[in-house]
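The chain contents come next:
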Amino acid sequence: PLPISHGQTQLRRGLVTAEIALCVVLLAGAGLFTKSLVKLLHHNPGFHTENLLTFRLDPRQNRYDTARALSLYTQVRDRLSSIPGVSAVSYCEFGPFSNSDASTNISIEGYHPSEDENMDSNVNAAAPGFFHTIGAPLIAGREFTAADGPNAQKVVIVNQAFVKRFVRGREAIGMHMAPGGGPNWKLDRQIVGVVADAQFGNLRDPAKPFYFVAFPQAAKPADPTPESFFLVQIGRAHV
C-alpha cells in the first residue's frame, strides 16, 4: 500500500471532526424538535381537538347559490347528527388550523379610536352549536341559534381578547359593533355572547381579538356562495 502523507492524515482527521460536529448539531436539533413537539401535543389551544373530525364542502362546484348552500349545510348537519356515536355537529367558514382566516377593522359602540389606531380583529362565520361542538366555553351570553337567520337582527359572539382590547371594563353583551369604520358608520351587529380565547391558527401566537358572525348572516345574497368547514365530534359527552 502507498504510504499516507501527513497532509492526508490531517485531512481525514478534519473530516472525522466535521462529521462528529455535524452529528452533534443534528442530535441537538432533533432534541429541540422533540421537546417542541411534546410541548405542542400537551398544549391546550382553548378547545377540544380529540375525536374531532373535519371536512370541507364547496357547493360552488355544483353551482349552488347562497340559499341552496345554506339549505344543504343544514341537511348535512342534521343527517350527521343522527348517526350513532356522533355527539355534536356544526360548521364554520374557516376551520381551526386550516391555514385560512380573515380579519377586518371594526367599529364598536362607545369606543373612539385615536388617529391611525389599529382596529383590526379576526373574524369567522359560525353555525349554531359551533362552540358546543369544539368545546370552547361561553363566558357570557349565548350561542348562535336557528333564529339568527338572514333576516333577523345581526348578531356576533366575541372572544375575551376582543373584550379586553375594545370593551375595556364595560358590559359587552348588548353592545353594538360593525366591520368597517367612519364617523357615520352604522353599528348594526349586536354582541350576544363572549367565548373563551382559543388559538385557531398558530399555537405559538397568543389569542387575538376575534368576533364570530352567525353563518346565515355572513354573506349578502349577491356575494359568492360561502364554503363551509364541518366539525363532527365523536363520542365526547358535553357539559
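Here's what I pulled together on the structure shown here. Please read all numbers here as calculations on a predicted model, not as lab measurements. Each chain carries its own residue numbering, running from 1 in the written order of its sequence. Confidence filtering applies because this is a predicted model: local features only for residues at pLDDT of at least 70, side-chain atom pairs given and counted only at 80 or more, and all residues used for totals across whole chains, interfaces and linings. Side-chain measures were taken over the full set of non-hydrogen atoms in the model, leaving aside hydrogen atoms and water.

1. Here we look at the overall build of the protein chain
Note the following rule: The helix and strand labels rest on DSSP assignments: H or I over at least four residues marks a helix, E over at least two residues marks a strand, and numbering proceeds from the N terminus. Only protein chains enter the accessibility calculation, which uses a 1.4 Å probe. A residue is then buried if its area is under 20% of the maximum for its type, exposed if over 50%, and partly exposed in between. For this analysis, residues touch if any pair of their heavy atoms sits within 4.5 Å. Per-residue accessibility takes into account occlusion by the displayed protein chains alone, with areas from the Shrake-Rupley method and a 1.4 Å probe.
Within the protein chain, the secondary structure is distributed over four helices and ten strands. Written out in order from the N terminus, the α and β elements of the protein chain read α-β-α-β-β-β-α-β-β-α-β-β-β-β. In the protein chain, which comprises 239 residues, the proportion classed as buried is 35%. In the protein chain, of all internal contacts separated by at least 6 residues, the share reaching a separation of at least 24 is 78%. Accessible surface, the protein chain: about 14,400 Å² in total, of which carbon and sulfur atoms supply 58%.

2. Quick notes on the pattern of salt bridges
Going by this rule: Any Lys or Arg side-chain nitrogen located within 4 Å of an Asp or Glu carboxyl oxygen qualifies as a salt bridge.
Summed over the entire model, instances satisfying the criterion amount to seven salt bridges. Put simply, R77 and D78 hold a salt bridge, and the shortest N to O gap is 3.6 Å. In this structure R77 comes out as buried when scored by relative accessible area, which is 17%.

3. Structural notes on helix α4 (residues 160-167)
For α4, the complete set of buried residues consists of A161, F162, F166 and V167. Residues of α4 that are buried in the fold lie against β3 (102-108), β4 (120-126), β6 (154-159), β7 (176-179), β8 (189-195) and β9 (210-214).

4. Focus on the layout of surface pockets
Threshold: Space inside and on the surface of the protein is sampled on a 1 Å grid over the protein atoms alone, with a cavity defined as a set of points where a 1.4 Å probe fits but cannot get out and a pocket as an open set with protein on both sides within 12 Å along at least 5 of 7 lines; lining residues have an atom within 4 Å of a point. Grid points are joined across faces, edges and corners, and a volume is the space filled by probe spheres set on the points. Residue classes follow a fixed rule: Ala, Val, Leu, Ile, Met, Phe, Trp, Tyr, Cys and Pro count as nonpolar, while Asp, Glu, Lys and Arg count as charged, and any other residue, Gly among them, counts as polar.
By volume, the largest pocket is sized at about 600 Å³. Residue lining of the largest pocket: 27 residues in total, with Q217, A218, A219, K220 and D223 positioned closest to the centre. Elements with a minimum of two residues in the lining of the largest pocket: α2 (66-81), β3, β4 and β9. Tallied by class, the residues present in the lining of the largest pocket amount to 17 nonpolar, five polar and five charged.

5. Here's the deal with empty space enclosed by the protein
According to the stated counting rule, one finds one cavity of 30 Å³ or more in the structure shown. The wall of the largest cavity is formed by F131, A136, N159, V195, A196, A198, F200, F210 and F212. Residue classes in the lining of the largest cavity are distributed as eight nonpolar, one polar and no charged.

6. Points about the side chain of S90
Heads up, the rule is: Here a polar contact means two N or O atoms within 3.5 Å. Within protein one must be a hydrogen donor candidate and the other an acceptor candidate, and residues neighboring in sequence count only if both atoms are side-chain atoms.
With respect to the helices and strands, the residue S90 is situated in strand β2 (residues 86-92). Residue S90 is classed as buried on the basis of its relative accessible area of 0%. At a separation of 3.2 Å, a polar atom in the side chain of S90 contacts the main-chain amide nitrogen of F130.

7. Topic: the packing of aromatic side chains
Each aromatic ring pair is summarised here by two numbers: the centre-to-centre distance and the angle between the ring planes. Spelled out, the test is: Stacked, tilted and edge-to-face are the three classes assigned to paired rings of Phe, Tyr and Trp, where Trp is represented by its six-membered ring and a pair needs centres within 6.5 Å; plane angles under 30 degrees give stacked, over 60 edge-to-face, the rest tilted.
Following the criterion strictly, the structure yields 13 aromatic pairs and no others. Between F130 and F212, the aromatic rings sit 5.9 Å apart at their centres with planes inclined by 40°, giving tilted as the arrangement. Highlighted residues: F130 in helix α3 (residues 130-134) and F212 in strand β9, separated in sequence by 82 residues. Across the pair, F212 and F130 agree in class, each one buried. The structure contains a cluster of three or more aromatic residues connected by ring pairs, namely F55, Y73, Y91, F215 and F230.

8. Some points on the pairing of β4
For a regular strand, side-chain orientation follows a simple rule: the groups alternate between the two sheet faces. Inclusion rule: By the convention used here, strands pair only if DSSP detects at least 2 bridges between them.
Most of β4 is tucked away: six of the seven residues are buried. Note: β3 against β4, four bridges, orientation antiparallel. Residue pairing for β4: N105 is matched across the bridge by D120. As paired elements, β4 and β9 share five bridges and run parallel to each other. The residue of β9 that forms the bridge with N124 is F212.

9. Quick word on α2
Here is the rule: To estimate the expected span of a helix, count its residues, drop one, and scale the result by 1.5 Å. Here the arc refers to the set of directions running from the helix axis out to each C-beta atom.
Over its 16 residues, α2 extends 23 Å from the first C-alpha to the last, a length consistent with the 22 Å expected when each residue adds 1.5 Å. Considered for burial, the residues of α2 that qualify are T66, A69, L70, Y73, V76, R77 and L80. For α2, the angular spread of the buried residues around the axis is 125°, confining them to a single face. In α2, the exposed residues that point more than 90 degrees away from the buried face are A67 and R79. Buried residues along α2 sit in contact with β1 (52-57), β2 and β10 (228-234).

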